[in-house]
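One-letter residues, chain by chain:
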Amino acid sequence: MTMIADVGPASIVRGDAEPGARLTGRFDLLHDFGSPALGTARRVSIYLPPGYDGSSTRYPVLYLQDGQNLFDPGRAFVPGHDWGLDEAAEGLIQAGEIAPLILVGIDHGGVDRLDEYTPSCDPRTRAGGRLSAYRHFLVDELKPWIDARYRTRADAASTGLCGSSLGGLAALEIGLSRPDVFGRLAALSPSLWWDRRCVLGRARALDGRLEVAIWLDAGTHEGPGVVHHVRMLKNILLGHGWRLKRDLHYREIAGGQHSEADWARRAPDVLRTLFPPEG
């Protein structure tokens, strides 16, 4: 493993100057953001809302896992099948359907993805358990760097964390353990089966409701147990005092599958729900 001494990117490139990039809107691309916590570097893509460069406004921020799949169809896991989150955000902001916000897409670590997105070693896979290092990177390295260089609203109520599948598991684990940092969570089809459903145990152990708004969903055609597990988590959160349609936004998508295309279809509703127009 390569040891990284300094926090920050090796270079910053405007999205419209990146050869081959297929991006909509204003982007900064951080190449090789160094992380001592991870002992490596990661690419980070930052979407800035319309009017950012000509204003003094401060904006809420949504951090997202699996950055390769969010914006650029040429970088997606299945080429051509990204979430189209840049197009969605541009259109929703310009239509006044959501608050202008900053999106921060964090590339996963390739072969390290499973380890970094999971809180413990799963006995079936005999892998996982480096989420604490990823949380340290996100909370103590990347977010402070972003807050220092962009006009963010850095408080927890203005800061969200989102992911799908294992990225959704990571979002829940990090968000429920650090409500002082993330006040809005989105977990699309989270991998709640991990390590004997350990995240459900952590949710049961919460001391009442946190000041965190949560989007939680699953498709009915995602495979055995997925909907059952999200229903279990929904009921645990309701037992702690979360309220449906107020701070717990729960969806079961008829026919929904475990795919980037399905999460892309749900992403606009996530933005509308967690970042509604202000004022």
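The structure contained in this document is the topic of the report that follows. Treat the numbers as computed from the prediction; the structure is a model and nothing was measured.

**Points about the packing of helix α5 (residues 194-204) against helix α6 (residues 226-240)**
Two elements in contact, α5 and α6, have axes whose closest approach is 9 Å; the angle formed by their N-to-C orientations is 10 degrees. In terms of orientation, α5 lies roughly parallel with respect to α6. In this structure, α5 uses Arg197, Leu200, Ala203 and Arg204 to contact α6, whose residues at the interface are His228, His229, Met232, Leu233, Ile236 and His240. In the contact of α5 with α6, the residues fall into five nonpolar, three polar and two charged.

**Quick word on the side chain of serine 35**
Mapped onto the elements, serine 35 comes out in strand β2 (residues 26-35). Of the polar contacts made by the side chain of serine 35, one reaches the backbone nitrogen of leucine 38; its length is 3.0 Å. Polar contacts involving the side chain of serine 35 include one to the side chain of glutamate 141, which spans 2.6 Å.

**Let's talk about the layout of surface pockets**
By volume, the largest pocket is sized at about 220 Å³. Taken together, 15 residues line the largest pocket, and the ones lying closest to its centre are Asp66, Asn69, Phe77, Arg113 and Glu260. Within the lining of the largest pocket, the residues separate by chemical class into three nonpolar, eight polar and four charged.

**Comments concerning the pairing of strand β7 (residues 184-188)**
With five of five residues buried, β7 is to be regarded as a mostly interior element. Burial of the side chains of β7 extends over both faces: Arg184, Ala186 and Leu188 are buried on one face and Leu185 and Ala187 on the other. Pairing between strand β6 (residues 159-164) and β7: five bridges, direction parallel. Its bridge partner lying in β7, cysteine 162 is registered against alanine 186. Tracing the backbone out of β6, into helix α4 (residues 166-177) and back to the parallel element β7 gives a crossover that is right-handed. Summarising the sheet, β7 and strand β8 (residues 213-219) pair through five bridges and their orientation is parallel. Bridging from a neighbouring strand, leucine 185 pairs with isoleucine 214 of β8.

**Here we look at the environment of serine 158**
Position of serine 158 among the secondary structure elements: in the loop between α3 (131-149) and β6. Residues serine 158 and threonine 273 lie 115 residues apart in sequence; the distance between their C-alpha atoms is 13 Å. Residues in contact with serine 158, not counting those within four places in the same chain, are Pro60, Val61, Arg153, Arg184 and Phe275.

**A look at the packing of aromatic side chains**
Tallied over the entire structure, the rule returns ten aromatic pairs. When the ring of tryptophan 145 is compared with that of tyrosine 150, the centres are 6.4 Å apart and the planes differ by 55 degrees; the resulting orientation is tilted. Accessibility expressed as a relative area gives 9% for tryptophan 145, which makes it buried. With a relative accessible area of 8%, tyrosine 150 lands in the buried category. Aromatic pair tryptophan 193 and tryptophan 194: ring centres 5.4 Å apart, planes at 55 degrees, arrangement tilted. Looking at tryptophan 193, the relative accessible area reads 34%, which means it is partly exposed. For tryptophan 194, a relative accessible area of 1% translates into the label buried.

Calculation rules
- Residues numbered from 1 in each chain as written.
- Predicted model: local features only at pLDDT ≥ 70, side-chain atom pairs only at ≥ 80, totals over all residues.
- Heavy atoms only, no water.
- Axes fitted to C-alpha atoms, helices over the stretch in contact; angles between N-to-C directions.
- Helix = DSSP H or I, 4+ residues; strand = E, 2+ residues; numbered from the N terminus.
- Parallel < 35°, antiparallel > 145°, perpendicular 65-115°, else oblique.
- Contact = heavy atoms within 4.5 Å.
- Nonpolar A, V, L, I, M, F, W, Y, C, P; charged D, E, K, R; others polar.
- Polar contact = N/O pair within 3.5 Å; in protein donor to acceptor, adjacent residues only side chain to side chain.
- 1 Å grid on protein atoms, 1.4 Å probe; cavity = no way out; pocket = protein on both sides within 12 Å on 5 of 7 lines; lining within 4 Å.
- Points joined across faces, edges and corners; volume = space filled by probe spheres on them.
- Buried < 20%, exposed > 50% of the residue type's maximum accessible area, 1.4 Å probe, protein only.
- Pairing = 2+ DSSP bridges.
- Right-handed = clockwise from strand over helix to strand, strands pointing away.
- Phe/Tyr/Trp six-rings, centres within 6.5 Å; stacked < 30°, edge-to-face > 60°.

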